[in-house]
Amino acid sequence: MSSPAIERILRGPTGLGTSGLQLRPQAPAPEAARPAVQAPEVPGPDGPAPEAVATETAVTETTVVEVVTPEAVAARTATLGAALPDVQASSLPVPSLPAALTAAAPRAPQATGAPAGGKPKLGDPIPGLYHHPIAEPDPVRVEALSVKLKAWAVDEIELFPPEWEKDFDGFSTGRYMVACHPDAPSIDRLMLAARLMVAENAVDDCYCEDLGGSPIGLGSRLLLAHTALDPLHTTPEYHPAWEASLSEDAPRRSYRSAMNYFVRASTPSQADRFRHDMARLHMGYLAEAAWAETDHVPEVWEYLAMRQFNNFRPCPTITDTVGGYELPVELHALPAVQRVIALAGNATTIVNDLYSYTKELSSPGLHLNLPVVISEREGVSRKEGYLKAVEVHNDLMHAFEAESAALALACPVPTLVRFLRGVAAWLDGNHYWHQTNTHRYSLPDFW
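On a predicted model such as this, the values are computed, not experimentally measured, just so you know.

## A few points about the overall build of the protein
If you tally the helices and strands in the protein, you get 21 helices and two strands. When the 447 residues of the protein are sorted by exposure, 53% land in the buried category. Contacts in the protein between residues at least 24 apart in sequence constitute 79% of all its contacts with a sequence separation of at least 6. Taken as a whole, the protein presents about 18,900 Å² of accessible surface, with 57% of it coming from carbon and sulfur.

See the structure below:
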């Protein structure tokens, strides 16, 4: 039964989103079998398309554009669960895509073979890694974002001492976020993601890794830092002490400030989604720390389970907030959507394992990453472990793309389609950043 609410959710927000969702269709399906998806104009890097201006002129940076009502989503999702019984299966065929999904995504996937001249050059992609090359991020946007981000880090929260400035600049967060969020309508929207990225790295470096981190006592530190994202609700007597604790170190200051900005620009459900994803991340940190304390090398499947939590998931799942729209909670919570998000997070995190491999070899002790765990647990050489990890990544990417395509066809709601494309764009930008960040990464001599 049609209704204004149903029509509204099917119409979706202005702007379909990015060209990030590059999927691999099989032979075209009959036209009658293809759901129709309306493809509005895509906003450019400098703002919305002309026809979207009327929708956004009254919207400030603290308001999310085009929030779909719960009633509309409930009506749409009432039958969706029954319509998607097999979308979670990893053996799904890759369906043909609606023209609206493919028209704005002309890039071809790339899985490079072994380089003709031997070892890949600095800044080359990993040979054999399935990925989608992207254009160089807009340098004007990158510079504007980088300047604004550094002013926040230095002047607002005193994030780092002078001796860490070179590493802060070398991380190239501005270039990273512009690459990962090509449909962000403004620098302020990009700042939402950039602040959180910087804050998450501050916690990782200062609590877990090489800038004072340790597995000993990590649980306590993470719990207190998490209250900067998920505030403590206590009595008036004890509230001031907790409030003061949020300024005690750089990780908590950065979490608190970044989250305050995010909450003002997001809906309550988007903020809660992010808190949940950060709790997953912190649980993954704790599992890795427990293994470090006992010198335990996990089985490969155990390591992959840890990496499903200790991964980049919080970053791509805010793509709708950064883009100025909302994927309704009723759609986000669907098992098929959750599986696609998990596959995306897992694939993009293995990218980090592969590109940071040589960097981690220089750290003391046995630093766990997927190539090392495969080598240790399956009794193969370091090279064989690395090359098998490339295959694991590729399998995850193929599953993500196939199941994203199936989901987009089964549920052609424009907000969901845009979100899927945004997550795919984040994966592409994340690979680009790892490949090109020669300040941090170089490849092993395995080819």
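After presenting the structure, the write-up continues.
## Quick notes on the pattern of salt bridges
Summed over all chains, the structure comprises 16 salt bridges. One salt bridge connects Lys-150 with Glu-165, and the closest N-O pair in it is separated by 2.6 Å. Residue Lys-150 is located in helix H6 (residues 139-156), and its partner Glu-165 is located in helix H7 (residues 165-171); the two are separated by 15 residues in the primary sequence. Linking Glu-376 and Arg-382 is a salt bridge whose minimum nitrogen-to-oxygen distance equals 3.0 Å. Looking at Arg-382, the relative accessible area reads 30%, which means it is partly exposed.

## A closer look at the nonpolar core
With 105 residues, the main nonpolar core has Leu-159, Tyr-176 and Leu-416 as its most contacted residues. In terms of residue count, the dominant contributor to this core is helix H9 (residues 187-208) (14 residues). Excluding anything up to four places from it in sequence, Leu-416 contacts Leu-327, Leu-331, Val-337, Leu-407 and Cys-411.

## Overview of the confidence of the model for the protein
Scored by pLDDT, the protein has a mean of 81; 73% of the residues are at 70 or more. In this model residues 1-70 is a low-confidence stretch, pLDDT under 50, and it forms 145 contacts with partners more than four residues away in sequence or in other chains. Across residues 72-109, where pLDDT falls below 50, the model places 95 contacts with residues more than four positions away in sequence or in other chains.

## Details of the packing of aromatic side chains
Following the criterion strictly, the structure yields 13 aromatic pairs and no others. Between the aromatic rings of Tyr-357 and Phe-446, the centroid separation amounts to 5.9 Å while the plane-to-plane angle is 55 degrees, which identifies the pairing as tilted. Within this pair, whereas Tyr-357 is found in helix H18 (residues 357-361), its partner Phe-446 is found in the segment after helix H21 (414-436), the two being separated by 89 residues in sequence. The burial state of Tyr-357 is the same as that of Phe-446; both residues are buried. Taking 5.8 Å as the distance between ring centres and 80 degrees as the angle between the ring planes, the aromatic pair formed by Tyr-386 and Trp-447 counts as edge-to-face. Placement of Tyr-386 in helix H20 (residues 382-410) and of Trp-447 in the segment after H21 is noted, with a sequence separation of 61 residues between them. Residue classification places Tyr-386 among the buried residues on the basis of a relative accessible area of 0%. Taken together through their ring pairs, the aromatic side chains of Phe-171, Tyr-176, Phe-312, Trp-426, Trp-433 and Tyr-441 make up a single cluster. Geometry around Tyr-207 places Arg-221 over its ring, the cationic atom sitting 5.7 Å from the centre. Geometry around Tyr-261 places Arg-264 over its ring, the cationic atom sitting 4.9 Å from the centre.

What counts and what doesn't
Residues numbered from 1 in each chain as written. Predicted model: local features only at pLDDT ≥ 70, side-chain atom pairs only at ≥ 80, totals over all residues. Heavy atoms only, no water. Helix = DSSP H or I, 4+ residues; strand = E, 2+ residues; numbered from the N terminus. Buried < 20%, exposed > 50% of the residue type's maximum accessible area, 1.4 Å probe, protein only. Contact = heavy atoms within 4.5 Å. Areas by Shrake-Rupley, 256 points an atom, 1.4 Å probe, with all protein chains shown as cover. Salt bridge = Lys/Arg side-chain N within 4 Å of Asp/Glu carboxyl O. Core = buried A, V, L, I, M, F, W, Y, C linked by side-chain atoms within 4.5 Å. pLDDT = per-residue confidence, 0-100. Phe/Tyr/Trp six-rings, centres within 6.5 Å; stacked < 30°, edge-to-face > 60°. Lys NZ or Arg CZ within 6 Å of the ring centre and 35° of its normal.

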